[in-house]
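Analysis of the macromolecular model
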Amino acid sequence: MKDLQEYVHELPLHSLAFFALVEATANLVDVSEKYWQSKGVNGARIRILVEIMKEGGTVLPSMLAKKIGVTKPNISLLLIPLENEGLIVRASHPKDGRKTVISITNEGQSLLLKYLPENRQKISEKMSALSDQELNQLLVLLNKLKNK
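A short tour of the structure in this document, coming up. (Residues numbered from 1 in each chain as written. Predicted model: local features only at pLDDT ≥ 70, side-chain atom pairs only at ≥ 80, totals over all residues. Heavy atoms only, no water.)

Points about the packing of helix α3 (residues 43-54) against helix α6 (residues 106-127)
- Taken N-terminus to C-terminus, the directions of α3 and α6 make an angle of 105°; their axes are 11 Å apart at the nearest point. Classified by the interaxial angle, the pair formed by α3 and α6 is roughly perpendicular. Across the interface between the two elements, Ile46, Leu49, Val50 and Met53 from α3 touch Gly108, Gln109, Leu111, Leu112, Leu116 and Arg120 from α6.
- The residue makeup of the contact of α3 with α6, split by class, is seven nonpolar, two polar and one charged. (Axes fitted to C-alpha atoms, helices over the stretch in contact; angles between N-to-C directions. Helix = DSSP H or I, 4+ residues; strand = E, 2+ residues; numbered from the N terminus. Parallel < 35°, antiparallel > 145°, perpendicular 65-115°, else oblique. Contact = heavy atoms within 4.5 Å. Nonpolar A, V, L, I, M, F, W, Y, C, P; charged D, E, K, R; others polar.)

Topic: the environment of methionine 127
- Locating methionine 127 in the fold gives a position in helix α6.
- The contact partners of methionine 127, leaving out residues within four places of it in the chain, are Leu28, Leu135 and Leu138.

Here's the deal with the pairing of strand β3 (residues 100-104)
- Counting buried positions along β3 gives four out of five residues, so the element sits mostly inside the fold.
- Judged from the two bridges that link them, strand β1 (residues 58-59) and β3 form a sheet pairing that is antiparallel. Looking at the pairing, valine 59 lines up with isoleucine 102 of β3.
- Two strands pair when backbone bridges link them, and strand β2 (residues 88-92) and β3 are joined in this way by five bridges, in the antiparallel orientation. Among the inter-strand pairings, arginine 90 is bridged to a residue of β3, identified as isoleucine 102. (Buried < 20%, exposed > 50% of the residue type's maximum accessible area, 1.4 Å probe, protein only. Pairing = 2+ DSSP bridges.)

What about the packing of aromatic side chains?
- By the definition in use, this model includes three aromatic pairs.
- Both rings, one in phenylalanine 18 and one in phenylalanine 19, keep their centres 5.0 Å apart while their planes meet at 70°; by these two values the pair is edge-to-face.
- Classification of phenylalanine 18 by relative accessible area gives partly exposed; the value is 46%.
- Their ring planes at 80° and their centres at 6.4 Å tell us that tryptophan 36 and tyrosine 115 sit as a pair that is edge-to-face. Of this pair, tryptophan 36 sits in helix α2 (residues 13-38) while tyrosine 115 sits in helix α6, and the two are 79 residues apart along the sequence. A single burial state applies to tryptophan 36 and to tyrosine 115, both of which are buried.
- Three or more aromatic residues joined by ring pairs make a cluster, and in this case those are Tyr35, Trp36 and Tyr115. (Phe/Tyr/Trp six-rings, centres within 6.5 Å; stacked < 30°, edge-to-face > 60°.)

So, α6
- Relative to the 32 Å expected for 22 residues at 1.5 Å per residue, α6 spans 31 Å between its end C-alpha atoms, a close match to the ideal helical length.
- For α6, the complete set of buried residues consists of Gly108, Leu111, Leu112, Tyr115, Leu116 and Asn119.
- Where α6 is buried, its residues contact α2, α3 and β3. (Expected span 1.5 Å × (residues − 1).)

So, the environment of leucine 79
- Structurally, leucine 79 is set in helix α5 (residues 72-84).
- On the accessibility criterion, leucine 79 (1% relative accessible area) is buried.

So, in structure tokens, the structure goes:
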């Protein structure tokens, strides 16, 4: 038991940095999630709509799954409510009829336009603890970790 206590309490620098990053991320995600909840909107669904828009409004389900970090079968389940609410549509791929593409609808775009600006403002307020120089440095460091 003593060995385990030492392992849990005496963290090396890499572990300290990792856990600080996880906690900071969780705090920022919480700000965003609380915002979405206050609007009666599912934050995970918004993320999917944003990712579709980043791809120009239409995306393959497999690419979308990769972007949000879920399996291909799970992306199908996540898309059902969005489709039922009229926020996305599925259609045959224009060049390969065996594939399906997902497109955001006008209703989906309107939803994003209605709520994203205020959500981004809430995140900006939280991130204002860092100067522009620190934010740029943070981006460099995070990209370095992402690309390793």
